[in-house]
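Commentary on secondary and tertiary structure
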Amino acid sequence: MQRRDFLSLIPAGLIAARSARAEDAEIRVFLNEPTGVISPLIHGHFIEHLGGVIYDGVWVGEDSKIPNIGGVRKALIDAMREIGPTVVRWPGGCFADSYDWRDGIGPRSSRPRRNNFWANSEPLRKLPDSSPAKNDPNWFGTNEFLRFAKLINAEPYLAANVRGGTPRDLDEWVEYCNAPKGASTPAGRRAANGDPEPFNVRYWGVGNESWGCGGDMTSEEYSVEFRKFTSWVPRYGPPLSFVASGPNGGDYKWSQGFFSRVTEKDPRLMNRIWGWALHYYCGTTGKGDSLDFTSENAYDLFERANRMEDLIQKHWAIMGQFDREHRVKLVVDEWGAWHKDFNILAPQHLFGAVPSMRDAVIAGITLDTFHRHADKVAMAAVAQLVNCIQMLFLADGDRFCVTPTYQVFAMYKDHNNGQSLRSAFEAPTVSFAVDGKPH
Ligand code: AHR
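Residues numbered from 1 in each chain as written. Predicted model: local features only at pLDDT ≥ 70, side-chain atom pairs only at ≥ 80, totals over all residues. Heavy atoms only, no water.

1. A short note on the site of the ligand
This is how it is decided: Near, as used in this document, describes a residue that has one of its heavy atoms within 4 Å of the molecule or strand being considered. Counting of polar contacts relies on pairs of N or O atoms within 3.5 Å, with two restrictions inside protein: one atom must be capable of donating a hydrogen and the other of accepting it, and residues adjacent in sequence are counted only when both atoms are side-chain atoms. Note on areas: these come from Shrake-Rupley sampling with a 1.4 Å probe, and a residue is covered only by the protein chains present in the view. Residues were grouped as follows: Ala, Val, Leu, Ile, Met, Phe, Trp, Tyr, Cys and Pro as nonpolar; Asp, Glu, Lys and Arg as charged; and all remaining residues, including Gly, as polar.
Close to the ligand lie 13 residues, the nearest being Glu 48, Cys 94, Glu 209, Tyr 281 and Glu 334. Cys 94 places a main-chain nitrogen or oxygen 2.9 Å from an oxygen atom of the ligand. Within the contact set of the ligand, an oxygen atom lies 2.8 Å away from a side-chain nitrogen or oxygen of Tyr 281. In isolation the ligand has 280 Å² of accessible area, and contact with the protein removes 92% of it. Split by residue class, the shell around the ligand holds seven nonpolar, three polar and three charged.

Printed below as a string of structure tokens:
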């Protein structure tokens, strides 16, 4: 190997080039240069009312023959307990900006059935109208989700509807979840629905992808909505940590536009923002098949996953122009490899695929990146937990298994609350071709 490049940004998983020899690689760890404590919230998850994620990935129902705890698949709870504690985000995704939380409370038999945000997707269109993926029965609502979060030892993270909802809807949702026992009519409704004690939900997303499915807004328009939605929200026990809807990958204009406008009325409004949500899917390569790929396709995808490094650094630098002390942190609440649909278990598994070890490497690269930036990334959520995109589980009826991505989360669990240290890697460059051209 003639040339040795200093690749301080490349995670260990990438340096095993086909032609590289182990003695060519060097890792240096700077023991006196801590970067931050790795929050357990970085190893977070996401469940959306999309395809087969909730029904029956998570929710099988109390009367199901499938072992369950209060209607939630027991095998999933058991496996999640092994890799927690962490955070779980719900109800979307794009679905969140079409959701009325009031539909999902009260006796299940009288909850409305509503057309699901994703019902018109090609694979779901062919399903009967009775499919819960198409017309959502709302059996899994706020109480069910918050109990699920508790069962798996995860902080709940709720996403509010900004496109179709109002600040009042958010206020009342907060009141329903957090008002002290017996304090008000919403607290009484919560008790009547089985949960007298407040849930004390701390993390609240203000919309989702407001640049797209969450309202097709400009960053300036969204900054106005963010101010309205977070103004005078009722506060009870825990502090409320609001996560603003951040950029799509490398859309730096969105970060610049939002931060410059959100504080134009008063710079102190920066204190309203706890997290800035970044979404980045590294997608797929080659033919898009999750299983049929060449090693060039694999390297191509690893390189795309590795772009998270740049995204974090660049958005962070923009945030620093408006928030010099860097009080606001990054929340990467959707990430993962996204291959062509291949619904091997059930037709309702929209955005499903068969996971492989390649996806596990993507998970490792991404979590390594977050660990390196433990001072910047306060929370993250892989998309999604089950039967969807970079899933940790496949489930349908009584069939259930963990995926290679789950194994990565199990291995990385021990980094939770660990001290991240600056490190540098020296290794031969990996070269590969994309469409026959050297990359
Ligand atoms: O995770 C699937 C979808 O991808 C989410 O609903 C949306 O936020 C993103 O575009």
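2. Digging into the packing of aromatic side chains
Note the following rule: The criterion for an aromatic pair is that two Phe, Tyr or Trp rings (for Trp, the six-membered ring) have centres within 6.5 Å, with stacked assigned to planes under 30 degrees apart, edge-to-face to planes over 60 apart and tilted to the rest. Where helices and strands are cited, they refer to DSSP runs of H or I of at least four residues and of E of at least two residues respectively, numbered from the N terminus. Whether a residue is buried, partly exposed or exposed follows from its accessible area with a 1.4 Å probe, protein chains only, as a fraction of its type maximum: under 20%, in between, or over 50%, in that order.
Scanning the entire structure with this criterion turns up 32 aromatic pairs. Each ring, one from Phe 393 and one from Tyr 406, has its centre 5.3 Å from the other, and the planes form 50°; the classification is tilted. Taken together, the residues Phe 393 in strand E15 (residues 393–396) and Tyr 406 in helix H11 (residues 404–412) connect sequence positions 13 residues apart. Accessibility classification places Phe 393 together with Tyr 406 in one group, the buried group. Here the aromatic residues Trp 59, Trp 90, Phe 95, Tyr 99, Trp 101, Phe 140, Phe 145, Phe 148, Trp 173, Tyr 176 and Trp 204 are joined through ring pairs into a cluster of three or more.

3. Regarding the state of the cysteines
Such a bond, covalent and formed between the sulfur atoms of two cysteines, is termed a disulfide. In plain terms, the rule: Criterion for a disulfide: a pair of cysteine sulfur atoms within 2.5 Å.
Taken as a whole and judged by the stated rule, the model has one disulfide. With its sulfur 2.2 Å from that of its partner, Cys 94 forms a disulfide with Cys 213. Residues Cys 94 and Cys 213 are joined by a disulfide whose S-S torsion is about -85°; by sign, that bridge is left-handed. With Cys 94 in the loop between strand E6 (86–90) and strand E7 (114–115) and Cys 213 in the loop between strand E10 (203–206) and helix H6 (219–229), this residue pair connects regions lying 119 residues apart in the sequence.

4. Looking at the sheet that holds strand E12 (residues 273–283)
Each strand in a sheet pairs with its neighbour through backbone hydrogen bonds, running either in the same direction (parallel) or in the opposite one (antiparallel). Operational definition: Note: two strands are recorded as paired if DSSP finds a minimum of 2 bridges between them. To get an axis, fit a line to the C-alpha atoms, keeping to the stretch in contact for a helix; angles then go from 0 to 180 degrees between the N-to-C directions.
The strand order E3-E6-E9-E10-E11-E12-E13-E14 describes a closed barrel built from eight strands, whose pairing is parallel. This sheet shows a mean twist of 30° between the axes of neighbouring strands, independent of strand direction.

5. Some thoughts on the environment of Ser 130
In this fold, Ser 130 is placed in the loop between helix H2 (122–125) and strand E8 (135–136). Residue classification places Ser 130 among the exposed positions, given a relative accessible area of 52%. Each C-alpha atom of the pair Ser 130 and Gly 164 lies 25 Å from the other, and the pair is 34 residues apart in sequence.

6. With respect to the packing of helix H3 (residues 142–151) against helix H4 (residues 167–178)
For the record, the criterion: If an angle is under 35 degrees, it is roughly parallel; if it is over 145, roughly antiparallel; if it lies from 65 to 115, roughly perpendicular; otherwise it is oblique. Helix crossings are classified by the rotation of the near helix relative to the far one: an anticlockwise turn of less than a right angle makes the crossing left-handed, while a clockwise turn makes it right-handed. Here a residue-residue contact requires only that any non-hydrogen atoms of the pair lie within 4.5 Å.
Across the interface, H3 lies against H4 with an axial gap of 11 Å and an inter-helix angle of 55°. On the basis of the axis angle, H3 is oblique to H4. Both H3 and H4 take part in a crossing whose hand is right-handed. Contact residues: H3 offers Thr 142, Asn 143 and Leu 146, while H4 offers Trp 173, Tyr 176 and Cys 177.

7. Focus on the pattern of salt bridges
Operational definition: For salt bridges, the criterion is a side-chain nitrogen of Lys or Arg within 4 Å of an Asp or Glu carboxyl oxygen.
Inspection of every chain in the model, using the stated rule, returns 28 salt bridges. Residue Arg 89 is joined to Glu 334 by a salt bridge in which the shortest nitrogen-to-oxygen separation is 2.9 Å. Residue Arg 89 is found in strand E6, and its partner Glu 334 is found in strand E13 (residues 329–337); the two are separated by 245 residues along the sequence. For Arg 89, a relative accessible area of 2% puts it in the buried group. Among the salt bridges present, the one from Asp 266 reaches Arg 268, with a minimum N-O distance of 3.0 Å. Linked through salt bridges whose partners overlap, the residues forming this network are Asp 100, Arg 102, Arg 168, Asp 169 and Glu 172.

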